[in-house]
Amino acid sequence: MSNDCAGKPKVSPKREHVRPPITATGVDSYAGVLSAIGLHEILVAGNLPRGQTTGNITYFIIDRSSKAIVSQVTLPDASNQFNRVEIRLKVARLSGAYDIGTFQSNGEFKPAEFLAVRSDLDTPPSGGASGHAA
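So, here is what we can say about the structure in this document. Remember, predicted model here, so these are calculated numbers, not experimental data. (Residues numbered from 1 in each chain as written. Predicted model: local features only at pLDDT ≥ 70, side-chain atom pairs only at ≥ 80, totals over all residues. Heavy atoms only, no water.)

### A closer look at the overall build of the protein chain
Phase 1 of the analysis: Within the protein chain, the regular secondary structure consists of 2 helices and 10 strands.
Phase 2 of the analysis: For the protein chain, the succession of helices and strands along the chain, N to C, is β-β-α-α-β-β-β-β-β-β-β-β.
Phase 3 of the analysis: Within the span of the protein chain, comprising 134 residues, buried residues form 28% of the whole.
Phase 4 of the analysis: In the form shown here, the protein chain has an accessible surface area of approximately 9,500 Å², with 54% of it arising from carbon and sulfur atoms. (Helix = DSSP H or I, 4+ residues; strand = E, 2+ residues; numbered from the N terminus. Buried < 20%, exposed > 50% of the residue type's maximum accessible area, 1.4 Å probe, protein only. Areas by Shrake-Rupley, 256 points an atom, 1.4 Å probe, with all protein chains shown as cover.)

Take a look at the structure:
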C-alpha cells in the first residue's frame, strides 16, 4: 500500500496472501498443553414437563465436588410434542458426578428433577432421571 497526495492509504490491486495466526508447527508445539486440558463428553437426558411452551430456561451443569459450573443448556420450559431430551455436550472438566439445575433469585442452586447428567457414556442410563448422576 502507498499513500495518495491527500495522505489516505491507496489500496493496490495486488492481493496479499494472508497467513493464519498460527502455523501447523505452532499448533503441534501446543498439542501437549491442549490435550492436558482435554474435552470430555457428557450427556444431559430426561423428559421435559408436558404442556404449552411459554419460554426457555437455562440449566447449569455443576461439577458436584468443586461446585464449578462446567456447562449450560437452554431448553423449553415445557412441551406438548417433543418431551425427550438427550444432548451431548463437551466439557473441559471431567468429574465423577454432576448436577443440573437452575439458580434461584437468592443464588441457591435447585436441581432439575426431570434431567440427569452422565459422564460415563458407555454405561446405559438407569430408569428415570434424578436431577443428577454419579
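### Describing the packing of aromatic side chains
Phase 1 of the analysis: For the structure on display, the rule yields 3 aromatic pairs.
Phase 2 of the analysis: Consider the rings of Phe-103 and Phe-109, whose centres lie 5.3 Å apart with planes at 65 degrees: the pair is edge-to-face.
Phase 3 of the analysis: On the basis of relative accessibility, which here comes to 37%, the residue Phe-103 falls in the partly exposed class.
Phase 4 of the analysis: In this structure Phe-109 comes out as partly exposed when scored by relative accessible area, which is 22%. (Phe/Tyr/Trp six-rings, centres within 6.5 Å; stacked < 30°, edge-to-face > 60°.)

### A look at the pattern of salt bridges
Phase 1 of the analysis: Following the criterion strictly, the structure yields 4 salt bridges and no others.
Phase 2 of the analysis: We note a salt bridge from Glu-41 to Lys-90, for which the minimum N-O separation is 3.7 Å. You can see Glu-41 sitting in strand β3 (residues 40–47) and its partner Lys-90 sitting in strand β6 (residues 84–91), a full 49 residues away along the chain.
Phase 3 of the analysis: Salt bridges sharing common partners tie together Glu-41, Arg-88 and Lys-90. (Salt bridge = Lys/Arg side-chain N within 4 Å of Asp/Glu carboxyl O.)

### Considering the pairing of β3
Phase 1 of the analysis: Where β3 and β6 come together, 8 bridges link them in antiparallel fashion. Bridging across to β6, Gly-46 finds its partner in Val-85.
Phase 2 of the analysis: Sheet analysis places β3 next to strand β9 (residues 115–118), joined by 4 bridges and oriented antiparallel. What sits directly across from Leu-43, in β9, is Arg-118. (Pairing = 2+ DSSP bridges.)

### Some remarks on the sheet that holds β3
Phase 1 of the analysis: With antiparallel pairing, 3 strands are arranged side by side in an open sheet as β6-β3-β9. Every interior strand has two partners, whereas the edge strands, β6 and β9, have only one. The mean inter-strand angle of the sheet, taken between neighbouring strand axes irrespective of direction, is 20 degrees. (Axes fitted to C-alpha atoms, helices over the stretch in contact; angles between N-to-C directions.)

### What to know about the pairing of strand β7 (residues 98–103)
Phase 1 of the analysis: In terms of burial, β7 is largely enclosed, as 5 of its 6 residues are buried.
Phase 2 of the analysis: Across 4 bridges, the pairing between strand β4 (residues 56–63) and β7 is antiparallel. Within β7, the position partnered with Ile-61 by the bridge is Ile-100.
Phase 3 of the analysis: With 3 bridges connecting them, β7 and strand β8 (residues 109–111) associate as antiparallel partners. Among the inter-strand pairings, Thr-102 is bridged to a residue of β8, identified as Lys-110.
Phase 4 of the analysis: The turn joining β7 and β8, which pair antiparallel and follow one another in sequence, is formed by 5 residues; a positive phi near 90 degrees is taken by Gly-107.

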